[in-house]
Amino acid sequence: MPRYQCICCIVPKDVLERFSADRKLSAELRKAAADSARLSDSMRSLRERQCELTGLTRSAGAHLVELAAKPEITVFDCKHTQTLPGAQVKKPGASKDGSARRASVETTAVAKFYQSVFGRNSVDDAGMTLMSSIHYGKSYNNAMWNGSQMVYGDGDGKLFVDFTRGNDVIGHELTHGVTQHSLQLGYSGDAGGLNESMSDCFGSMFRQWQAGQDAKAADWLIGADILGPTAKARGYTCLRNMADPADKSALAPQPAKYSQLKPGMDPHYSSGPPNLAFATACLALGGRSWERIGQLWYAALTTSGAHPSMTMPQFAARTRQIAAQRYPGEPKVAAAVDAGWKKVGL
């Protein structure tokens, strides 16, 4: 079985490297970007081991025991060190520390989103404790799911701000945990693009759900709330735009067509076509993204067992099949799904 690599940072490595080489930025900002890129790389082996362990425990059936009726939400403070998990924050939801409070409140909301919308109990569907570590490192420009918990940097304050400020970022990263405990998508090729796309889709749905927005009112941007003043002054509005992957105001514009994907492409970029397919389907159908199209994507993610090397055509076929099965009396649902995939050439 292909090795599952849980390399799940919200900011692509090449974006950080691009900033680190930009002589128009101060030496301090360049160093923060370079250090963030290297630090994210150094955590890779830990993530890989955690994700491999998940695959083994699920194959042995150890995941079938429910740990709790709902997940406990815990927050730890790294105090700008790289020691995980850090010191536990008592009553984080009422903390005077904004990062602790946001991590607690938003993680609780993500858990509620998955429970109330999809009937899922935590990322593993068995009540797994959702642990977050805040204030990780110094000016760390990233956030990640490391295979067992969330890790948030404070940003450098100029290019990026505190990563707990992005509710879609939190939803995105926790969804990597859902993928880890369901389809177990790999992190290269089509599977890698799908892996990142699942997180963007559910992160965006979570943001829309919190705001009570329908598909047409949503901005479909990922990471808009974590960009700092220097990035915004350069005209950047987000990390990615799901409804317009090639958007030049995104820090990491993506291909929009499946035919444009290339071997070895970073999954943060190859996620462009399935992102656009999802957004297009939601906009074509109208209404709230999580009520119809989101249900199909969730079913495709969670009902077929582990499939680490799933291709995008296979995932597209799966969503089309589920649409026909679940909504036989509503042909407009299947038509919207079909329109989404045809938009990207699938």
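See above for the structure.
The structure displayed is predicted, hence computed values, not measured ones. (Residues numbered from 1 in each chain as written. Predicted model: local features only at pLDDT ≥ 70, side-chain atom pairs only at ≥ 80, totals over all residues. Heavy atoms only, no water.)

## Some remarks on the nonpolar core
For clarity, the cut-off: Side-chain atoms within 4.5 Å are what join buried Ala, Val, Leu, Ile, Met, Phe, Trp, Tyr and Cys residues into a set we call a nonpolar core. Using a 1.4 Å probe on the protein chains alone, a residue whose accessible area is under 20% of its type maximum counts as buried, one over 50% counts as exposed, and one in between counts as partly exposed. In this analysis, two residues are considered to be in contact whenever any of their non-hydrogen atoms come within 4.5 Å of each other.
Within the largest apolar cluster, 86 residues are counted, with the highest numbers of intra-cluster contacts made by F160, F202, I293 and W297. Ignoring any residue separated from it by four or fewer positions in sequence, one finds I293 in contact with F278, A281, C282, L285, V333, A336 and V337.

## Points about the pattern of salt bridges
Definition in use: Salt bridge, as applied in this entry: a Lys or Arg side-chain nitrogen positioned within 4 Å of an Asp or Glu carboxyl oxygen. Strands here are runs of E lasting at least two residues and helices are runs of H or I lasting at least four, both read from the DSSP assignment and numbered beginning at the N terminus.
In total, this model carries 13 salt bridges according to the counting rule given. The partner of D22 in a salt bridge is R234, with the nearest N and O atoms 2.5 Å apart. Of this pair, D22 sits in the loop between α1 (13–20) and α2 (27–42) while R234 sits in the loop between α7 (229–233) and β7 (240–241); the two residues are 212 residues apart in sequence, bridging distant segments of the chain. On the basis of relative accessible area, R234 is assigned to the partly exposed category, the value being 36%. For K342, the salt bridge is made with D338, and the minimal N-O distance between the two is 2.9 Å. Separated by four residues within a single helix, K342 and D338 lie in helix α12 (residues 331–343), roughly one turn from each other. You can call K342 exposed: its relative accessible area is 56%. One continuous salt-bridge network, built from bridges that share partners, spans K31, D35 and R38.

## Quick look at the sheet that holds strand β3 (residues 130–134)
The pairing of strands in a sheet happens through backbone hydrogen bonds and is either parallel or antiparallel. Note the following rule: Whether two strands pair comes down to DSSP finding at least two bridges between them. Angles run from 0 to 180 degrees between N-to-C directions of axes, and those axes are lines fitted to C-alpha atoms, restricted for helices to the stretch in contact.
As summarised here, the arrangement of the five strands in space is β2-β1-β3-β5-β4, forming an open sheet in which the pairing is mixed. Strands at the two margins of the open sheet, each flanked by one partner only, are β2 (87–88) and β4 (143–145). Alignment of β4 against strand β5 (residues 150–152), held across three bridges, turns out to be antiparallel. Directly across from A143, in β5, lies its bridge partner Y152. Sitting on the sheet, helix α4 (residues 98–118) touches β1 (73–77), β3 and β5, and the angle it makes with β3 is about 155 degrees. The strands that helix α5 (residues 167–180) touches are β3, β4 and β5; relative to β4, the one it contacts most, it runs at about 20 degrees.

So, to be careful, I would describe these as geometric facts and stop short of saying anything about function.
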